[in-house]
Amino acid sequence: MGCLGNGIWFVCGGLLSGLSWCLAGCLWCVTIIGIPVGLQCFKLASLSFFPFGKEVVYGGGAGSFFLNMIWLLVSGLPLALEHLVLGLLLCVTVIGIPFGLQQFKLAKLALMPFGAEIV
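Residues numbered from 1 in each chain as written. Predicted model: local features only at pLDDT ≥ 70, side-chain atom pairs only at ≥ 80, totals over all residues. Heavy atoms only, no water.

S.K.: I'd like a rundown of the state of the cysteines, residues and numbers included.
M.R.: Within this structure, the stated rule accounts for 0 disulfides. Counting only cysteine sulfurs, Cys 12 is the nearest neighbor of Cys 3, a cysteine outside any disulfide, at a range of 15 Å. Assessed through its relative accessible area of 70%, Cys 3 is described here as exposed. For the unlinked cysteine Cys 26, the closest cysteine sulfur is that of Cys 22, found at 6.6 Å. Residue classification places Cys 26 among the partly exposed positions, given a relative accessible area of 48%. (Disulfide = S-S within 2.5 Å. Buried < 20%, exposed > 50% of the residue type's maximum accessible area, 1.4 Å probe, protein only.)

Written as structure tokens, this is what we have:
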């Protein structure tokens, strides 16, 4: 199911979501200070391209919290809103519900990506 789900996902919304994460990563990598944030964006882009069969485990400490607050103000809200809108559109049909749930998982990750581990 994971391979089939990922294939359909890539065509029906994963490409747009992944490219959004790649764009955010490229913008963060413009400065030397933003390179670690940009690298995290590229990791999350790979999850956004193919999310089925992967889980997100949240954790982290004070450093992750501080970085998440900066992220939320700069890039997190637009990405989270994009995933939320796409998730709502996908949940209109019964067939799209699993794909909408993946978008909601990515929306939560877009709000607080640091300290999260992809398993």
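S.K.: Got a sec to walk through the environment of Ser 17? Specific residues and values, please.
M.R.: Here Ser 17 shows up in helix H1 (residues 2–28). For Ser 17, a relative accessible area of 0% translates into the label buried. The spacing of Ser 17 and Gln 103 is 86 residues in sequence and 8.7 Å in space, taken between C-alpha atoms. With near-sequence residues (within four places) excluded, Ser 17 lies in contact with Ser 48, Glu 82, His 83, Leu 86 and Gln 103. (Helix = DSSP H or I, 4+ residues; strand = E, 2+ residues; numbered from the N terminus. Contact = heavy atoms within 4.5 Å.)

S.K.: Lay out the nonpolar core with the relevant residues and their values.
M.R.: Grouped together as the largest cluster of nonpolar side chains are 22 residues, with contacts concentrated most on Trp 9, Trp 21, Cys 41, Trp 71, Leu 79 and Leu 109. Listed by contribution, the elements that provide at least two residues to this core are H1, helix H2 (35–49), helix H3 (62–90) and helix H4 (97–111). Here this core takes 6 residues from H2, the largest share from any one element. Setting aside chain neighbours within four positions, we find Cys 41 in contact with Trp 21, Ala 24, Gly 25, Trp 28 and Trp 71. (Core = buried A, V, L, I, M, F, W, Y, C linked by side-chain atoms within 4.5 Å.)

S.K.: With reference to specific residues and values, describe the side chain of Ser 75.
M.R.: Among the structural elements, Ser 75 can be located in helix H3. The exposure class assigned to Ser 75 is buried, which follows from its relative accessible area of 14%. A distance of 2.9 Å separates the side chain of Ser 75 from the side chain of Trp 28, its partner in a polar contact. (Polar contact = N/O pair within 3.5 Å; in protein donor to acceptor, adjacent residues only side chain to side chain.)

S.K.: With reference to specific residues and values, describe a nonpolar patch on the surface.
M.R.: Together, Ile 32, Ile 35, Leu 39 and Phe 42 make up a nonpolar patch on the protein surface, roughly 370 Å² of accessible area in all. Positionally, Phe 42 belongs in helix H2. With a relative accessible area of 30%, Phe 42 lands in the partly exposed category. (Patch = residues over 30% accessible without salt bridge, like charges linked within 9 Å, V, L, I, M, F, W, Y side chains within 5 Å. Areas by Shrake-Rupley, 256 points an atom, 1.4 Å probe, with all protein chains shown as cover. Salt bridge = Lys/Arg side-chain N within 4 Å of Asp/Glu carboxyl O.)

S.K.: Tell me about the packing of H1 against H4, and name the residues and values.
M.R.: Relative orientation of the contacting elements H1 and H4 amounts to 25°, with a least axis distance of 11 Å. Judged on the interaxial angle alone, H4 and H1 are roughly parallel. For the element pair H1 and H4, the recorded crossing hand is right-handed. Between H1 and H4, the contacting residues are Gly 5, Ile 8, Trp 9, Gly 13, Ser 17 and Trp 21 on the first element and Phe 99, Gln 102, Gln 103, Leu 106, Leu 109 and Ala 110 on the second. Here the residues of the contact of H1 with H4 sort into 7 nonpolar, 5 polar and no charged. (Axes fitted to C-alpha atoms, helices over the stretch in contact; angles between N-to-C directions. Parallel < 35°, antiparallel > 145°, perpendicular 65-115°, else oblique. Left-handed = near helix turned anticlockwise from the far one by under 90°. Nonpolar A, V, L, I, M, F, W, Y, C, P; charged D, E, K, R; others polar.)

Just geometry here; none of it tells us what the structure is for.
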